[in-house]
Amino acid sequence: SSGTVLVSGMTLAGNGNVLVVVGSTQDSGGPFEINDGNDMDGWIMKLDPTSGQLSTDGRSSTRLDSVNKKDDLILNVCNDRFDHDAFYVVGASSGKIKSLPDDQQPPEGSVHAYVAKIGLNSLGAEWLRHFTMTIPGGGAVNGEGLACTVTPDSEGQNIVYVGGTVMNGALMDGVTGITQSY
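What you see is a predicted model, and the numbers here were worked out from it, not measured in a lab.

Caption draft 1: Structural context of the overall build of the protein chain. For the protein chain, the count of helices and strands is zero helices and twelve strands. Its helices and strands taken in sequence order, the protein chain reads β-β-β-β-β-β-β-β-β-β-β-β from the N to the C terminus. Sorting the 182 residues of the protein chain into buried and exposed places 37% on the buried side. Counted over contacts in the protein chain with a minimum sequence separation of 6, partners at least 24 positions apart contribute 51%. A total of about 9700 Å² of accessible surface is found on the protein chain, and carbon and sulfur atoms cover 50% of it.

As structure tokens, then:
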């Protein structure tokens, strides 16, 4: 099948031994696996930085798709210099959030931001955080995660910072201490 392949970012992980490349696509086959819907899905590929070939250490590629086959984009990646066996992806999803009951899902037509910690060997999510929002007066909301960075706090624990956009005056649920500008 042919379609759109977007590259959103790349970073070195695994002590510089793996080049992680991320993006989104509607394509199927090869390292993109199978797209069983006609939606955009995020993808992650691991390359050998010396040869450019797919990595042979653990899983070499994966696809990120929501359970209800809606658009799920990976918009950026950042490494974790304190945990060489993991990295983070951020993006936007119009899909169903598995951890929320149906009556707490974002309104139909909404797009929400997310961040996920990905294991370097398995390319599986070690954890995933969706950012839900509400808009004054109700209705669909639109937000996306565009950037991330990792730094330690005063006790040496990792803190992941996520930057992104929230549109049309929407407010992030359960978040305090954020400066919003209009």
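Caption draft 2: Quick look at unusual backbone geometry. Look at asparagine 15: it is not a glycine, yet its phi comes out positive at around 60 degrees. On the secondary structure map, asparagine 15 appears in the loop between strand 1 (5-13) and strand 2 (18-25). Residue asparagine 15 is classed as exposed on the basis of its relative accessible area, which comes to 56%. The phi dihedral of leucine 123 falls on the positive side, at around 55 degrees, and the residue is not glycine. Within the secondary structure, leucine 123 sits in the loop between strand 7 (112-119) and strand 8 (125-131). On the basis of relative accessibility, which here comes to 5%, the residue leucine 123 falls in the buried class.

Caption draft 3: Spotlight on the pattern of salt bridges. What the rule picks out here adds up to four salt bridges. Glutamate 126 serves as the salt-bridge partner of lysine 117, at 3.9 Å between the closest nitrogen and oxygen.

Caption draft 4: Region of the structure containing the environment of valine 20. Relative to the helices and strands, valine 20 is located in strand 2. By relative accessible area, which is 0% here, valine 20 ends up buried. The spacing of valine 20 and aspartate 48 is 28 residues in sequence and 9.0 Å in space, taken between C-alpha atoms.

Caption draft 5: Molecular detail of the pairing of strand 1. When strand 1 meets strand 2, the two strands line up antiparallel, connected through eight bridges. Each bridged residue has a counterpart across the sheet, and for valine 7 the counterpart in strand 2 is glycine 23. The hairpin turn running from strand 1 into strand 2, its antiparallel successor, is four residues long, and glycine 14 in that turn takes a positive phi close to 60 degrees.

The rules behind each value
Residues numbered from 1 in each chain as written. Predicted model: local features only at pLDDT ≥ 70, side-chain atom pairs only at ≥ 80, totals over all residues. Heavy atoms only, no water. Helix = DSSP H or I, 4+ residues; strand = E, 2+ residues; numbered from the N terminus. Buried < 20%, exposed > 50% of the residue type's maximum accessible area, 1.4 Å probe, protein only. Contact = heavy atoms within 4.5 Å. Areas by Shrake-Rupley, 256 points an atom, 1.4 Å probe, with all protein chains shown as cover. Salt bridge = Lys/Arg side-chain N within 4 Å of Asp/Glu carboxyl O. Pairing = 2+ DSSP bridges.

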